[in-house]
2 protein chains.
Amino acid sequence: MRFGVNYTPSGSWFHSWLDLDPQAVARDLDQVAALGVDHVRLFPLWPLLQPSRTVIRDQGLADVLTVVDLAGRAGLDVVVDAVQGHLSSFDFVPSWLESWHRRNMFSDPAVVTALEEYVRRLSAALADRPQLLGVTVGNEVNQFASAPHPDPHLTDSAEADRWLDRMITAAREGLAGNDRAVVTHAMYDAAWYDDAHPFEPRHAAGHGDLSVVHSWVFNGAARLEGPLAASSVRHAEYLLLLTAAWSAAPDRGVWLQEVGAPTNVVPDELAADFLEQTLRSAATVPGLWGMTWWCSHDVPRRYADFPEVEYGLGLYDEQGRLKPTGERFAATVAALRGVGASPPSSVGLVLDDRPGSAYRSASAPGGSFYRAWMRTAEAHGRGPQVVLRSRVDEPDHLRGRGIATLHYVEHDDRAARDLATGEGSVGPGTARPARS
Amino acid sequence: MRFGVNYTPSGSWFHSWLDLDPQAVARDLDQVAALGVDHVRLFPLWPLLQPSRTVIRDQGLADVLTVVDLAGRAGLDVVVDAVQGHLSSFDFVPSWLESWHRRNMFSDPAVVTALEEYVRRLSAALADRPQLLGVTVGNEVNQFASAPHPDPHLTDSAEADRWLDRMITAAREGLAGNDRAVVTHAMYDAAWYDDAHPFEPRHAAGHGDLSVVHSWVFNGAARLEGPLAASSVRHAEYLLLLTAAWSAAPDRGVWLQEVGAPTNVVPDELAADFLEQTLRSAATVPGLWGMTWWCSHDVPRRYADFPEVEYGLGLYDEQGRLKPTGERFAATVAALRGVGASPPSSVGLVLDDRPGSAYRSASAPGGSFYRAWMRTAEAHGRGPQVVLRSRVDEPDHLRGRGIATLHYVEHDDRAARDLATGEGSVGPGTARPARS
């Protein structure tokens, strides 16, 4: 299993791409390597690399390679996200999608072709680097499917499939000859929890080499029963197991690509415990490919307008000092290294995904399915697997996943809807604080 | 009188700020200097200089100074626009005004304070350069007052005054000690022609050291009677004289900061004649401070998505060859140099600006006042001055401007409204092709 960190450059955050300072990057990456991790996730800024729909800057690609090679020198592998896109509440959208040039990012033919070309060119630039672990289409690109991001938005779930197919294919084309690197895409959790969102859990499980999950307990999970309750520290484990329900193959890998300890819902003094319990429970998930913590370095305070929570997510503080969460992270990673995968739970909790079922609000923190899963996990001492109602009659599917017992859950989501009105919560159609 | 060129860098247009190449800039500026002009107008990209509301990049400022100094070496003075903002149909808006951070650019207190700081810092960086002619708040920032630009938009004309006051003051503070440089702001012509636009002609005449005009005949003027008719080649002259009607002092300077030969309405074979006739008629305007042609270099074809007209506005083509308009421009500038200012026309055409008057649609190409002005100009062989109806009873005002005769115009703007439905035309509330 891989352990990594999402690399948020010290000093000037991702704006550092405008003034790339290899020495500063090398210092940061040495700090990351000192945590005992094996990889970093990197985030180019899309408008800087593709300032015109038809122009990709050679120097922009070269800058990414500079950081990739510095990571290699620090002993770190890299995964690189292409379309940023969205980072920590900020959108970076090129001028050729704004105002007079407003077009749908997911369906306009010229835009999709340009995105393919960008993903392909970036992947091709990276392809020969031995430290390349993988390419992700972009960070939570599904953010752009709905408000408050620039419209026009996406409403068609099949369009999302077509878009993902083309992006994944473009990355593979760019990586041609490199059979080791994984190609993935990443979504924020509206895909799992918001009944109206055009990206769906099946998109996580159905595109790319791994199913990618970002776990953020400010979505309501940490407020349900407190930051160290099961419903909070098991949220990452839950989301990974929930996602696996849509996998075609029982052995498809899952990647906890983002998980962090958000101090708006997890007080500083509990953050290290939250971190350790979260990583330990997630580590039990069968087929877990890796866990990548958000993030390496605190956002400097002189950069305004971030949601307050973003300033405190780093394992290193603004002065470059290792924080208590950083110490606990390093210790937890060391403890979890070499621990083999657990056998899967033989209990399958059945999620009613039949047409018309509001299965996503039921799955959301506070929803009936969410609560049932947490109750079962506490009763059994580990998280149950999740089985779709539409697949309970497939014996091979259940056998392949080692599921011997099915528990059915009846949806009743007044609770979820009530929760959705609370601060920092997420619910069907509810706006929520943005995350990377 | 000053003659200049709006500098559009060859090779990679304003995206060249991402990969500043001093040698390429020096080559470009030598070409500009060879036209016989005395100044260039420069356009930093705002999001590159102020990537965070509270951070202005030192290197961004240094890059601007590099170009300023290369201009000085080429024998050119410079005027620098701060807030771009909008250029040739493209918006460059920093991420701290997008999506989750969506705020009004003109009235949000934190945003206005940040803009002040940016204008002040940029002006301060430029202040000691002997080649600095002036600072403009930004290129057609009034574009952002209405659709299709990112909202929220501006609806309050008094708010526009407050915003302009603060930006002009910030520039002056930055320039402190430099008494030579002029401080200006620039608007596109919705301020003069669109009854619903919150920026108004009085904002051109009432803020900054000069009244700035951008003349673009694709607003309907060139289609009225053809590209070489008076209603087209006198458009710049008209807009300058129209603007002067709002000046408090009779001797306030006016600057034709942008004028070009748009090939969507002026065919290539007529462009040089259009250019010469436009400059010659504008040169007769009393108090004309300067004329600055748009633009130096054609937009390279490999940069997609520009309106077709934008690819052909340069005096040099994509291969760096002087175009026929470039030759004619140089010859016209040489011919006009040293020609003294004309005495003002003694005829004042009265524009009914009383409350409730749709004076802006009447002023727009095809509007009743526009047509009356053109008829008068043709009858007298020169453009009449414009007097506001609200000021006809001020003898000192008329005497100060040398106006002896008043002609009254009755508004009847069915014609203007009909014109507004035509392709490429402008009219009240009509969207129109964007321009720099």
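Residues numbered from 1 in each chain as written. Chains lettered and ligands numbered in written order. Predicted model: local features only at pLDDT ≥ 70, side-chain atom pairs only at ≥ 80, totals over all residues. Heavy atoms only, no water.

1. Here we look at the overall build of chain A
Logical step 1: Across its full length, chain A holds 16 helices and 13 strands.
Logical step 2: Relative to the globule expectation of 22 Å for 436 residues, the C-alpha radius of gyration of chain A, 20 Å, shows essentially globular dimensions.
Logical step 3: Overall size of chain A, expressed as C-alpha extent along the three principal axes, is 55 × 45 × 45 Å.
Logical step 4: Each of the 436 residues in chain A was classed as buried or not, and the buried ones make up 66%.
Logical step 5: Within chain A, residue pairs in contact and separated by at least 24 positions form 78% of the contacts whose partners lie at least 6 positions apart.
Logical step 6: Split by element, the accessible area of chain A, about 14,500 Å² in all, is 49% carbon and sulfur. (Helix = DSSP H or I, 4+ residues; strand = E, 2+ residues; numbered from the N terminus. Rg over C-alpha atoms; globule rule 2.2 N^0.38 Å. Buried < 20%, exposed > 50% of the residue type's maximum accessible area, 1.4 Å probe, protein only. Contact = heavy atoms within 4.5 Å. Areas by Shrake-Rupley, 256 points an atom, 1.4 Å probe, with all protein chains shown as cover.)

2. Here we look at the packing of aromatic side chains
Residue and element names in this part refer to chain A.
Logical step 1: Scanning the entire structure with this criterion turns up 34 aromatic pairs over all chains.
Logical step 2: Aromatic pair Y238 and W373: ring centres 5.1 Å apart, planes at 65 degrees, arrangement edge-to-face. Taken together, the residues Y238 in helix α10 (residues 235–244) and W373 in helix α14 (residues 368–380) connect sequence positions 135 residues apart.
Logical step 3: Here W373 falls in the buried class, since its relative accessible area comes to 0%.
Logical step 4: Between W293 and F329 the ring centres are 6.0 Å apart and the planes differ by 45 degrees, which places this aromatic pair in the tilted class. Pair noted here: W293 is in strand β10 (residues 288–294) and F329 is in helix α12 (residues 324–336), with a separation of 36 residues, a long-range link.
Logical step 5: Here the aromatic cluster, defined as three or more aromatic residues joined through ring pairs, consists of W13, F14, F43, F90, F92, W294, F306 and Y311. (Phe/Tyr/Trp six-rings, centres within 6.5 Å; stacked < 30°, edge-to-face > 60°.)

3. Regarding the pattern of salt bridges
All names here are of chain A.
Logical step 1: Enumeration according to the criterion identifies 58 salt bridges over all chains in this entry.
Logical step 2: The residue D128 makes a salt bridge to R129 at a minimum N-O spacing of 2.8 Å.
Logical step 3: Overall, R129 belongs to the buried group, its relative accessible area being 19%.
Logical step 4: E276 is paired through a salt bridge with R280; the nearest N and O atoms lie 2.8 Å apart. Note that E276 and R280 are positioned in helix α11 (residues 268–282) at a spacing of four residues, about one turn of the helix.
Logical step 5: Shared partners join several salt bridges into a network, and the residues in it are D273, E276, R280 and R328. (Salt bridge = Lys/Arg side-chain N within 4 Å of Asp/Glu carboxyl O.)

4. Side note on helix α3 (residues 58–73) of chain B
Residue and element names in this part refer to chain B.
Logical step 1: The end-to-end C-alpha separation of α3 is 22 Å, in line with the 22 Å expected for 16 residues at 1.5 Å each.
Logical step 2: Considered for burial, the residues of α3 that qualify are G60, L61, D63, V64, L65, V67, V68, L70 and A71.
Logical step 3: Taken together, the buried residues of α3 touch α1 (22–33), β2 (39–42), α2 (46–49), β3 (77–81) and α4 (109–126).
Logical step 4: Phi turns positive, to about 85 degrees, at G75, one or two residues after α3. (Expected span 1.5 Å × (residues − 1).)

5. Side note on the sheet that holds strand β13 (residues 405–408) of chain B
Residue and element names in this part refer to chain B.
Logical step 1: What the three strands build is an open sheet, ordered β12-β11-β13; its pairing is parallel. Strands at the two margins of the open sheet, each flanked by one partner only, are β12 (385–388) and β13. Strand-to-strand twist across the sheet, computed as the mean angle between neighbouring axes with direction ignored, equals 40 degrees.
Logical step 2: Against the sheet, helix α14 (residues 368–380) touches β11 (347–351), β12 and β13, its axis set at about 170 degrees to β11. (Pairing = 2+ DSSP bridges. Axes fitted to C-alpha atoms, helices over the stretch in contact; angles between N-to-C directions.)

6. Details of the sheet that holds strand β3 (residues 77–83) of chain A
Residue and element names in this part refer to chain A.
Logical step 1: Taken in spatial order, the eight strands line up as β7-β6-β3-β2-β1-β10-β9-β8 in an open sheet, and their pairing is parallel. Taken across any chain shown, the strands that pair with only one partner, and hence form the sheet edges, are β7 (182–184) and β8 (210–215). Ignoring strand direction, the axes of neighbouring strands in this sheet form an average angle of 20 degrees.
Logical step 2: Here strand β1 (residues 2–6) runs beside strand β2 (residues 39–42); their pairing, made up of three bridges, is parallel. Residue pairing across strands places N6 opposite R41, the latter belonging to β2.
Logical step 3: Against the sheet, helix α4 (residues 109–126) touches β3 and β6 (132–138), its axis set at about 165 degrees to β3.

7. Quick look at the relation of the copies chain A and chain B
Logical step 1: Expressed as a screw transformation, the operator carrying chain A onto chain B has a rotation angle of 180 degrees and an axial translation of 0.0 Å, and the superposed copies differ by an RMSD of 0.0 Å. Accordingly, the operation relating the two chain copies is best matched by a two-fold axis. Of the C-alpha atoms belonging to chain A, the one lying closest to the rotation axis is found on L18(A), 3.9 Å away.
Logical step 2: In this assembly, 100% of the residues forming the interface of chain A have copies in chain B that are likewise at the interface, indicating an isologous arrangement. (Least-squares fit on C-alpha atoms with pLDDT ≥ 70 in both.)

8. Comments concerning α14(B)
Count 3.6 residues to each turn of an α-helix, and residues three or four apart come out pointing the same way.
Logical step 1: If you check α14(B), its first and last C-alpha atoms are 18 Å apart, about what 13 residues at 1.5 Å a residue would give, namely 18 Å.
Logical step 2: Positive backbone phi, approximately 80 degrees, marks G381(B), located one or two places after α14(B).

9. Considering the interface of chain A and chain B
Logical step 1: Taken together, the 34 residues of chain A in the interface contact 34 residues of chain B.
Logical step 2: Between chain A and chain B lies a buried interface of about 3,100 Å² when both sides are counted; carbon and sulfur atoms form 56% of it.
Logical step 3: The interface formed by chain A and chain B includes six salt bridges.
Logical step 4: The partner of D305(A) in a salt bridge is R53(B), with the nearest N and O atoms 2.8 Å apart.
Logical step 5: When grouped by side-chain class, the residues that make up the side of chain A that touches chain B number 14 nonpolar, 11 polar and nine charged. (Buried area = accessible area lost by both parts, 1.4 Å probe. Nonpolar A, V, L, I, M, F, W, Y, C, P; charged D, E, K, R; others polar.)

10. Observations concerning the pairing of β8(A)
All names here are of chain A.
Logical step 1: The element β8 is extensively covered by neighbouring structure, given that six of its six residues are classed as buried.
Logical step 2: Neither face of β8 is open: one carries L210, V212 and H214, the other S211, V213 and S215, and all of them are buried.
Logical step 3: Sheet topology places β8 next to strand β9 (residues 253–259); six bridges connect them, and they run parallel. Across the sheet, residue V213 finds its bridge partner in β9, namely L256.

11. With respect to the environment of Q319(A)
All names here are of chain A.
Logical step 1: Relative to the assigned elements, Q319 resides in the loop between β10 and α12.
Logical step 2: Between the alpha carbons of Q319 and G366 there is a distance of 38 Å; along the sequence they are 47 residues apart.
Logical step 3: Within the local environment of Q319, its side chain forms a polar contact with the side chain of R321, the two groups lying 3.1 Å apart. (Polar contact = N/O pair within 3.5 Å; in protein donor to acceptor, adjacent residues only side chain to side chain.)

12. Overview of the side chain of R41(B)
Residue and element names in this part refer to chain B.
Logical step 1: Tracing the sequence through the fold places R41 in strand β2.
Logical step 2: Within polar-contact distance, the side chain of R41 engages the side chain of N139 at 2.9 Å.
Logical step 3: Excluding anything up to four places from it in sequence, R41 contacts V5, N6, Y7, V79, D81, N139, A186, H214, Q257, E258, T292 and W294.

13. Side note on the packing of helix α10 (residues 235–244) of chain B against helix α11 (residues 268–282) of chain B
Any two packed helices are characterised by the angle at which their axes cross and by the distance between the axes.
Residues and elements named next belong to chain B.
Logical step 1: Across the interface, α10 lies against α11 with an axial gap of 7 Å and an inter-helix angle of 25 degrees. One element, α10, and the other, α11, form an angle in the roughly parallel class. Seen along the crossing, α10 lies across α11 with a hand that is right-handed. Listed contacts from α11 to A236, E237 and L240 of α10 are T278, S281 and A282. (Parallel < 35°, antiparallel > 145°, perpendicular 65-115°, else oblique. Left-handed = near helix turned anticlockwise from the far one by under 90°.)

14. Remarks on the confidence of the model for chain A
Logical step 1: Averaged over all residues, the pLDDT of chain A equals 93, while 94% of them reach at least 70.
Logical step 2: In this model, residues 415–436 of chain A is a region of pLDDT below 50 whose contacts with residues beyond four sequence positions or in other chains number 69 contacts. (pLDDT = per-residue confidence, 0-100.)

15. Points about the environment of V350(B)
Residues and elements named next belong to chain B.
Logical step 1: Tracing the backbone shows V350 in strand β11.
Logical step 2: Overall, V350 belongs to the buried group, its relative accessible area being 2%.
Logical step 3: The spatial distance from the C-alpha of V350 to the C-alpha of N264 is 33 Å, given a sequence separation of 86 residues.
Logical step 4: Residues within four places of V350 in sequence aside, it is in contact with F369, V387, L388, R389, V392, L406, H407, Y408 and V409.

16. Some details on unusual backbone geometry
Logical step 1: Cis geometry is adopted by the peptide bond preceding G85(A), which originates at Q84(A) and carries an omega value of 20 degrees.
Logical step 2: Cis geometry is adopted by the peptide bond preceding P152(B), which originates at D151(B) and carries an omega value of 0 degrees.
Logical step 3: Relative to the assigned elements, P152(B) resides in the loop between β6 (132–136) and α5 (157–174).
Logical step 4: A positive phi angle, near 85 degrees, is found at S89(A), a position not held by glycine.
Logical step 5: The topology assignment puts S89(A) in the loop between β4 (86–87) and β5 (90–91).
Logical step 6: Here S89(A) falls in the buried class, since its relative accessible area comes to 2%.
Logical step 7: Unlike most non-glycine residues, S99(B) shows phi in positive territory, near 50 degrees.
Logical step 8: Topologically, S99(B) is positioned in the loop between β5 (90–91) and α4.
Logical step 9: By relative accessible area, which is 9% here, S99(B) ends up buried.

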